[in-house]
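Chains, contacts and geometry: an overview
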2 protein chains.
Amino acid sequence: MAIPKTTDLIAVSKHFQALADPLRIQIIELLREQELCVCDLCDRLEVRQSKLSFHLKILKEAELVRGRQQGRWIYYSLNLPQFVHLEQYLSEFRRLSPILPARICSDRPE
Amino acid sequence: MAIPKTTDLIAVSKHFQALADPLRIQIIELLREQELCVCDLCDRLEVRQSKLSFHLKILKEAELVRGRQQGRWIYYSLNLPQFVHLEQYLSEFRRLSPILPARICSDRPE
DNA sequence: TTGACAAATCAAATTTTTTTGATTTGATAG
DNA sequence: CTATCAAATCAAAAAAATTTGATTTGTCAA
């Protein structure tokens, strides 16, 4: 398994960052049930509309959700392939042997 | 699949938060190779020791890494079961049908 | 058109996270 | 003991993320 490039690692951390907020996780949990419009999310989560918009933008930029306009409403839903992508990043660790080889750390030259 | 409790969701977001930083992802990538002491991580990542200590603490609190003291050195390694745990959280989304049922959002009473 | 309403954007205030340099703690070797 | 060195802790500064309320944008219906 090759070591990922630094730029890839930054991308990975950015995606995890989108999941690093309780409200955003709650949004995702609600969308797991069904597609919802912003006003429904507002009602259920009891947060202001602009606050929700801010968090939806972060989730959208991380490609974890998608917005579909219909009339005056925008319906948000999960972008499942992106979840699979993150799952795969984590799954690589499962392949490692449970005990990593120790490495003796002694005083180095100069 | 039951809806997780709010407290669980906060815990989930906390764990993802630990992965939400490029340096911490880099630390994890290095530890994927082998157990390393703090001074080695400092050298390889070219960051100050106190900075590394700060980030290692976050990873340790999220149970993503473990520290093992040996003499003056503390060797850090990955705590693989925790990675599996997060992987499983994400894997639940794979079971969802790709297209979630739309829900019509119309004007609600009053 | 105009009015109503859903959602996005924006700037300012607030909160949280991260960085930095200095200090402390704890273990070892002499 | 005492020197030394690895690592943690701490307080202050800096940077980044989040919240808030007001405003704007876009769509639809009358």
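An account of the accompanying structure is given in this report. Just so it is clear, the structure is predicted and the values come from calculations on it, not from any experiment.

Points about the sheet that holds strand 1 (residues 36-37) of chain A
Residues and elements named next belong to chain A.
- Taken in spatial order, the 3 strands line up as 1-3-2 in an open sheet, and their pairing is antiparallel. In the strand order of this sheet, the two ends are held by strand 1 and strand 2 (65-70), each with one partner.
- Both strand 2 and strand 3 (residues 73-78) contribute to a ladder of 6 bridges, which runs antiparallel. Note that in strand 3 the partner of Val65 across the bridge is Leu78.

So, helix 2 (residues 22-33) of chain B
Residues and elements named next belong to chain B.
- Between its first and last C-alpha atoms helix 2 spans 17 Å; for 12 residues at 1.5 Å apiece the expected length is 16 Å, and the two agree.
- Across the 12 residues of helix 2, 9 count as buried, placing the element largely inside the fold.
- With a side-chain oxygen positioned 2.8 Å from the backbone nitrogen of Leu23, the residue opening helix 2 is Asp21.

Examining the environment of A:Ala18
Residues and elements named next belong to chain A.
- With respect to the helices, strands and loops of the structure, Ala18 is situated in helix 1 (residues 6-18).
- Owing to a relative accessible area of 2%, Ala18 belongs among the buried residues under this scheme.
- Expressed as a C-alpha distance, the spacing of Ala18 and Cys42, which sit 24 residues apart in the sequence, is 19 Å.
- Among all residues touching Ala18, those that are not within four sequence positions of it are Arg24, Ile58, Leu59, Ala62 and Leu64.

Focus: the pairing of strand 3 of chain A
Residue and element names in this part refer to chain A.
- Here 2 bridges tie strand 1 to strand 3, and the two strands are oriented antiparallel to one another. Of the residues in strand 3, the one forming a bridge with Leu36 is Tyr76.
- Taken together, strand 2 and the strand that follows it, strand 3, pair antiparallel across an intervening segment of 2 residues, in which Gly71 is found at a positive phi of about 65°.

Description of the sheet that holds strand 1 (residues 36-37) of chain B
Residues and elements named next belong to chain B.
- Spatially, 3 strands are ordered 1-3-2 in an open sheet, and the strand pairing comes out antiparallel. Whereas interior strands pair on both sides, the edge strands pair on one side only; in this sheet they are strand 1 and strand 2 (65-70).
- Against the sheet, helix 2 touches strand 1, strand 2 and strand 3 (73-78), its axis set at about 90° to strand 3.

Focus: the side chain of B:Arg24
Residues and elements named next belong to chain B.
- Among the structural elements, Arg24 can be located in helix 2.
- With no salt bridge to any partner, buried Arg24 finds its closest opposite charge in Asp21, at an N-O distance of 4.3 Å.
- For Arg24, the side chain forms a polar contact with the main-chain oxygen of Ala18, separated by 2.8 Å.
- Look past the residues within four positions of Arg24 in its chain and what remains in contact with it is Gln17, Ala18, His55, Ile58 and Leu59.

Observations regarding the protein's contact with DNA strand C
- In the region of DNA strand C, 23 residues are neighbours, and A:Cys39, A:Gln49, A:Tyr76, B:Arg48 and B:His55 sit closest.
- Across the atoms of DNA strand C situated within 4 Å of the protein, the share located in sugar and phosphate is 64%.
- The contact in question runs from a phosphate oxygen of DNA strand C to an N or O atom on the backbone of A:Cys39, over 2.6 Å.
- A:Ser53 places a polar side-chain atom, nitrogen or oxygen, 2.6 Å from a phosphate oxygen of DNA strand C.
- It is helix 4 (residues 49-61) of chain B that provides the largest number of residues to the surface near DNA strand C, a total of 5 residues.

Procedures and definitions
Residues numbered from 1 in each chain as written. Chains lettered and ligands numbered in written order. Predicted model: local features only at pLDDT ≥ 70, side-chain atom pairs only at ≥ 80, totals over all residues. Heavy atoms only, no water. Pairing = 2+ DSSP bridges. Helix = DSSP H or I, 4+ residues; strand = E, 2+ residues; numbered from the N terminus. Expected span 1.5 Å × (residues − 1). Buried < 20%, exposed > 50% of the residue type's maximum accessible area, 1.4 Å probe, protein only. Polar contact = N/O pair within 3.5 Å; in protein donor to acceptor, adjacent residues only side chain to side chain. Contact = heavy atoms within 4.5 Å. Axes fitted to C-alpha atoms, helices over the stretch in contact; angles between N-to-C directions. Lys, Arg positive; Asp, Glu negative; His and termini not counted. Salt bridge = Lys/Arg side-chain N within 4 Å of Asp/Glu carboxyl O. Near = heavy atom within 4 Å.

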